[in-house]
Amino acid sequence: MKQHHKKIIETICITLLLLLYWLFFLGFLIAILRGFWKLVPGLILVLLSVNLLRFSHERIKEIRSGE
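Presented here is an overview of the structure given in this document. (Residues numbered from 1 in each chain as written. Predicted model: local features only at pLDDT ≥ 70, side-chain atom pairs only at ≥ 80, totals over all residues. Heavy atoms only, no water.)

### Some words on the overall build of the protein chain
Turning to step 1, where the next piece is worked out: Counting secondary structure elements, the protein chain contains two helices and zero strands.
Turning to step 2, where the next piece is worked out: By the compact-globule yardstick of 11 Å for 67 residues, the protein chain is too spread out, its C-alpha radius of gyration being 16 Å.
Turning to step 3, where the next piece is worked out: Along the three orthogonal principal directions, the C-alpha set of the protein chain runs to about 50 × 15 × 5 Å.
Turning to step 4, where the next piece is worked out: Within the protein chain, the proportion of its 67 residues that are buried is 21%.
Turning to step 5, where the next piece is worked out: Taking all contacts inside the protein chain whose residues are at least 6 apart in sequence as the whole, residues at least 24 apart take part in 72%.
Turning to step 6, where the next piece is worked out: Seen as two clouds, the 9 positive and the 4 negative side-chain charges of the protein chain have centres 10 Å apart. (Helix = DSSP H or I, 4+ residues; strand = E, 2+ residues; numbered from the N terminus. Rg over C-alpha atoms; globule rule 2.2 N^0.38 Å. Buried < 20%, exposed > 50% of the residue type's maximum accessible area, 1.4 Å probe, protein only. Contact = heavy atoms within 4.5 Å. Lys, Arg positive; Asp, Glu negative; His and termini not counted. Charge placed at Lys NZ, Arg CZ, Asp CG, Glu CD.)

Laid out in structure tokens, this is it:
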């Protein structure tokens, strides 16, 4: 049972680290870019974040079911 908890914690930690990295990267791009170009990386990073969260949710369900 402990192995399952470790895998779940690892999945959550990696997800949070990637989301934080993308958030800081987005803030950096917003500070540099002007006008319409601020929206393009923002949209891409939002889509990547949603995909990452969906993948992480599926992975956690897979781990809980016993892989």
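Past the structure itself, the notes keep going.
### Things to note about helix α2 (residues 39-65)
Turning to step 1, where the next piece is worked out: If you check α2, its first and last C-alpha atoms are 39 Å apart, about what 27 residues at 1.5 Å a residue would give, namely 39 Å.
Turning to step 2, where the next piece is worked out: Taken residue by residue, α2 has P41, G42, L45, S49, L52, S56, I60 and I63 as its buried positions.
Turning to step 3, where the next piece is worked out: With its phi angle positive at about 105°, G66 sits one or two positions after the end of α2. (Expected span 1.5 Å × (residues − 1).)

### Notes on the packing of aromatic side chains
Turning to step 1, where the next piece is worked out: Under the defined criterion, the tally for this structure stands at two aromatic pairs.
Turning to step 2, where the next piece is worked out: Here F36 and W37 contribute two aromatic rings whose centre-to-centre distance is 5.6 Å and whose plane-to-plane angle is 65°, an arrangement assigned as edge-to-face.
Turning to step 3, where the next piece is worked out: By relative accessible area, which is 56% here, F36 ends up exposed.
Turning to step 4, where the next piece is worked out: Since its relative accessible area comes to 54%, W37 is described here as exposed. (Phe/Tyr/Trp six-rings, centres within 6.5 Å; stacked < 30°, edge-to-face > 60°.)

### Things to note about a nonpolar patch on the surface
Turning to step 1, where the next piece is worked out: A cluster of nonpolar side chains, namely F36, W37, L39, V40, I44 and L48, defines an oily patch on the protein surface of about 630 Å² accessible area.
Turning to step 2, where the next piece is worked out: Structurally, the position occupied by I44 is in helix α2.
Turning to step 3, where the next piece is worked out: What makes I44 partly exposed here is its relative accessible area of 47%. (Patch = residues over 30% accessible without salt bridge, like charges linked within 9 Å, V, L, I, M, F, W, Y side chains within 5 Å. Areas by Shrake-Rupley, 256 points an atom, 1.4 Å probe, with all protein chains shown as cover. Salt bridge = Lys/Arg side-chain N within 4 Å of Asp/Glu carboxyl O.)

That's the geometry; what it means functionally is another story.
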